[in-house]
Amino acid sequence: MDGKAGNAISNINVPKVKKANSTPARTIIQNNKTIQSGFHKVEFGFNIGFLQDYRANQQMYENALNRIQSDGIHDLRVYELFTNGITQQPGTAERLVEHLVHNNRFNVLLCLSNFPNIPSIQYKTTDRPDFKNSDEKQNLTNRYPPVNLDDYQNYLTNFIDSLQKKNVLQNVSFEIGNEPDSKRFFWGSPDDFIKIAKSTAAALENYQRPVYCCGFTAEFSNGGAAQRHEYLDLIQDSDFRKKINSSFHFYQNNKFEIQHTDLPGLKNSIITEFNFYANLKKGSDKLDIANSPLFGSLLIQMLDFAYKNNINKIYLFKLIDVANKEGALGFFDENGNPKPAYNEFLKVFNVVKDGFRAEENASEIKLIGANQTIVYSKTEGVYTNQMSGRNEGGNKRRNINKNATGFFMGDWKVVDN
């Protein structure tokens, strides 16, 4: 982007934002950085994915990591720390985390989303998981709830102590759980998870690091999901809330609305997975949507929501496509080269990275940054359901059926202040 108006799905008439008067803006400190008063700062990060994927493909990841670092992104999220191949070689997880942090290069959110499959910890395996490829997953990882929480707590404490000895703990934060409301990602009951979460929070309290819970699904945070009330009992518990802030995921999936997101503790929460879709296979026509300015449109709506609800961190899912795996949600390809979605992200990020203010009326949303403003149209744009299956390469985006169902993504532009 050249800094002029010009990033849009179509040409909409956007007036320049008037400059403020010459009086210097008062400044405040947020996230240890100085920003203008009245501005909100959102930090961005990327999901590495499985720690084992990083272990097996470190060189492949390096190009993408170097690029995001040079662009000003310094936050990563990693989950499934204790897969079978890693726990069989003690010290491996700690070394991999140390490598990611290396000389304060990145801050790393460690998602405690599985459990070490070792003889000293017994697990409740009576409720066998029932989903596609569940047998294969059980050979790779353990998501069954531990029976003896003291043994798991000791294992976790030893792991964190090792990070502390390596002098990397100051760059680490923790998330308890990864979509525990999904039977794919937690193989126990809500009651099992609640016990684990409270025990884990108690162990982490000794280290005085930021802790979040529980990486709930987009369905959950939009008011759905079975047994939702049981998980809500956890995050509404006053003693538990003293120790943690909330985390959740948002995938639009042609299904969920950002403005319908509703969780206790929404303010000061973080979004630990964000994208258009939760799963995309190579060759899917939905890749056209995910890699178009429509991704920027979705992100702008989320930033407006973040401004209103004091959400201060968003982790995009995910950093890179992994060779020999079918997922295609990476912002970088298997060689570490950026995809169009990454460039769309940068256009938005470069406006809001030093803080922004959101203004909204019936026709538009403005995200006003330090030097430029994003103007998002609420009246001109496209319904995402019209994009799926199209073969026109985007040439007919402007032919909008005003009676169409689906989810509206507005045109947007960047203008100088």
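Before reading further, recall that the structure is shown in the block above.
Let me begin by describing the structure that accompanies this report. Here the structure is a predicted model, which is why all the values come from computation and not from measurement. Sequence order as written defines residue numbering, which begins from 1 separately in each chain. With the structure being a predicted model, the display of local features is reserved for residues of pLDDT at least 70 and the display and counting of side-chain atom pairs for 80 or more, all residues being used for whole-chain, interface and lining totals. Calculation of side-chain values draws on the structure's entire complement of heavy atoms; hydrogens and water are dropped beforehand.

### Looking at unusual backbone geometry
Then, in step 1: Residue C214 follows C213 across a cis peptide bond; omega there is 20°.
Then, in step 2: The step from F317 to K318 runs through a cis peptide bond, and the omega angle for that step is -10°.
Then, in step 3: Think of it this way: any DSSP run of H or I at least four residues long counts as a helix, any run of E at least two long counts as a strand, and we number them from the N terminus. By the element assignment, K318 lies in the loop between β10 (313-316) and α13 (340-352).
Then, in step 4: Within the chain, N253 stands out as a residue other than glycine whose phi angle is a positive 50°.
Then, in step 5: As for its position among the elements, N253 is in the loop between β8 (245-251) and β9 (270-275).
Then, in step 6: Judged by relative accessible area, which is 27%, N253 ranks as partly exposed.
Then, in step 7: With a phi close to 70°, N268 is a non-glycine residue in the positive phi region.
Then, in step 8: You can see N268 is positioned in the loop between β8 and β9.
Then, in step 9: Exposure classes here rest on a 1.4 Å probe applied to the protein chains alone. A residue is buried below 20% of its type maximum, exposed above 50%, and partly exposed in between. Residue N268 is classed as partly exposed on the basis of its relative accessible area of 36%.

### Examining the sheet that holds strand β12 (residues 364-369)
Adjacent strands of a sheet pair through backbone hydrogen bonds, lying either parallel or antiparallel.
Then, in step 1: By definition, two strands form a pair when at least two bridges between them are found by DSSP. Taken in spatial order, the four strands line up as β11-β12-β13-β14 in an open sheet, and their pairing is antiparallel. Looking at strand neighbours, the two that pair on one side only are β11 (356-360) and β14 (408-416), the edges of this open sheet. Averaged over neighbouring strand pairs, the angle between their axes works out to 20° when direction is ignored.
Then, in step 2: Where β11 lies against β12, five bridges are found, and the strand directions are antiparallel. What sits directly across from E360, in β12, is I365.
Then, in step 3: We call two residues in contact whenever any of their non-hydrogen atoms come within 4.5 Å of each other. Under this scheme, a helix contributes an axis fitted over its contacting stretch, all axes are lines through C-alpha atoms, and angles between N-to-C directions fall in the 0 to 180 degree range. Docked against the sheet, helix α12 (residues 293-309) engages β11, β12, β13 (372-383) and β14, running at close to 80° with respect to β14.

Shape descriptors only; they carry no functional weight alone.
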